[in-house]
Amino acid sequence: RIAQIAKSAPQTGTSPHSEQRLRRLIHNKNQRADLTPAKISNKFTTRGAKRLAKHDEVKVILDGSDLRKPYSTSLEYLDTVLDLNGNPVAGYPTLNAIGIGLKGKQALLYHKTYSSLEDGFKSEREEIRIAIQTVTTALRAQGVGRIIWILDRGFDDRKVINWILATGGCYV
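Let us look at the structure shown here. (Residues numbered from 1 in each chain as written. Predicted model: local features only at pLDDT ≥ 70, side-chain atom pairs only at ≥ 80, totals over all residues. Heavy atoms only, no water.)

1. Points about the layout of surface pockets
Regions of empty space are outlined by a rolling probe, equal in size to a water molecule, passed over the atoms. As a reminder, the rule being used: Of the two site types, the cavity is a set of points on a 1 Å grid over the protein atoms alone where a 1.4 Å probe fits but cannot get out, and the pocket is an open set with protein on both sides within 12 Å along at least five of seven lines, each lined by residues with an atom within 4 Å of a point. Grid points are joined across faces, edges and corners, and a volume is the space filled by probe spheres set on the points. Helix and strand assignments come from DSSP, with helices taken as H or I runs of at least 4 residues and strands as E runs of at least 2, each series counted from the N terminus. Side-chain classes follow a simple rule in which Ala, Val, Leu, Ile, Met, Phe, Trp, Tyr, Cys and Pro form the nonpolar group, Asp, Glu, Lys and Arg form the charged group, and the remainder, Gly included, forms the polar group.
Taken as a whole, the largest pocket encloses approximately 1,200 Å³ of empty space. As for the largest pocket, its lining consists of 29 residues, and the residues nearest its centre are Thr-36, Pro-37, Glu-76, Tyr-77 and Glu-118. Of all the secondary structure elements, the ones that give two or more residues to the lining of the largest pocket are helix H1 (2-8), helix H2 (18-26), helix H3 (37-51), strand S4 (106-113) and helix H4 (124-141). At 6 residues, the largest contribution of residues to the lining of the largest pocket is made by H3. Looking at side-chain class alone, the lining of the largest pocket contains 15 nonpolar, 10 polar and 4 charged residues. Quantified by volume, the second largest pocket comes out at close to 290 Å³. Taken together, 19 residues make up the lining of the second largest pocket; nearest its centre are Gly-64, Asp-66, Pro-93, Tyr-114 and Glu-124.

Written as structure tokens, this is what we have:
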């Protein structure tokens, strides 16, 4: 499949070593570009927190949504999510956090696409805990005072509320 992708991609299809380059990128053996999902996510969080640095108060909207891939059959760790009618389809759950400062300044603070089939996956609740801890740590490092978490009913869980309160945050 990698050979097929390399041949059909417009930017790599004409290169004599396109398959080798693509394999190095996928298997993280490309020393020039270390692009792991965790590093990209950390960059989002760091840049977002810097954008909101020194704000007295930041509202963080934490939201889970589904990335639907109804026509996909062989993507890595392809999970099952619900379509808009409540029927199961192929896809991935996502978790996002957007920060809003007092004067309306906005920043992406967290994004994670995950799968319950992925190696090392513990639970959706654990993904939420990691998101809360990651965003809180980044904002506190930038001198943000009060953090108000805005949640919908998908986060109506006593443990989630306790995690927010343990970090010194508030919630709505």
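2. Notes on unusual backbone geometry
A negative phi holds for most residues other than glycine; trans holds for most peptide bonds. How we decide: When accessible area is computed with a 1.4 Å probe and restricted to protein chains, residues below 20% of their type maximum are described as buried, those above 50% as exposed, and intermediate ones as partly exposed.
Phi is positive for Lys-54, which is not a glycine, with a value near 65 degrees. Mapped onto the elements of the fold, Lys-54 is located in the loop between H3 and strand S1 (57-68). By relative accessible area, which is 67% here, Lys-54 ends up exposed.

3. So, the packing of H4 against helix H5 (residues 158-166)
Definition in use: A fitted line through C-alpha atoms represents every axis, and for helices the fit uses only the stretch in contact; the resulting angles, taken between N-to-C directions, go from 0 to 180 degrees. Angle categories: roughly parallel below 35 degrees, roughly antiparallel above 145, roughly perpendicular from 65 to 115, and oblique for all the rest. Crossings are classed by handedness, with left-handed meaning an anticlockwise turn of the near helix from the far one by less than a right angle and right-handed meaning a clockwise turn. Here, residues are in contact when the closest pair of their heavy atoms is within 4.5 Å.
Between H4 and H5, the shortest axis-to-axis distance is 10 Å and the interhelical angle comes to 15 degrees. Viewed along their axes, H4 and H5 adopt a mutual orientation that is roughly parallel. The interaxial crossing formed by H4 with H5 has right-handed handedness. Of H5, the residues touching H4 (which contributes Arg-125, Ile-128, Arg-129 and Ile-132) are Lys-159, Val-160, Trp-163 and Ile-164. Class assignment for the residues of the contact of H4 with H5 results in 5 nonpolar, no polar and 3 charged.

4. Focus on the packing of aromatic side chains
The line we're drawing: Aromatic contacts are taken between Phe, Tyr and Trp rings whose centres are within 6.5 Å, Trp giving its six-membered ring; a plane angle under 30 degrees counts as stacked, one over 60 as edge-to-face, and the others as tilted.
A complete count under the given rule lists 1 aromatic pair for this structure. Ring centres of Tyr-114 and Phe-121 lie 5.8 Å apart, and the angle between their planes is 10 degrees; this geometry places the pair in the stacked category. A relative accessible area of 5% places Tyr-114 in the buried class. With relative accessibility at 23%, the residue Phe-121 sits in the partly exposed group.

5. Observations concerning the nonpolar core
What tends to happen in soluble globular proteins is that the nonpolar side chains get buried as a cluster. The test is simple: Remark: nonpolar core denotes a set of buried residues (Ala, Val, Leu, Ile, Met, Phe, Trp, Tyr, Cys) joined through side-chain atoms within 4.5 Å.
The biggest cluster of nonpolar side chains holds 25 residues, and the ones touching the most others in it are Val-60, Leu-62, Leu-95, Val-135, Leu-139 and Trp-149. Elements represented by at least two residues in this core include exactly S1, strand S3 (88-101), S4, H4, strand S5 (146-150) and H5. Per-element accounting of this core gives the leading share, 6 residues, to H4.

So, to be careful, I would describe these as geometric facts and stop short of saying anything about function.
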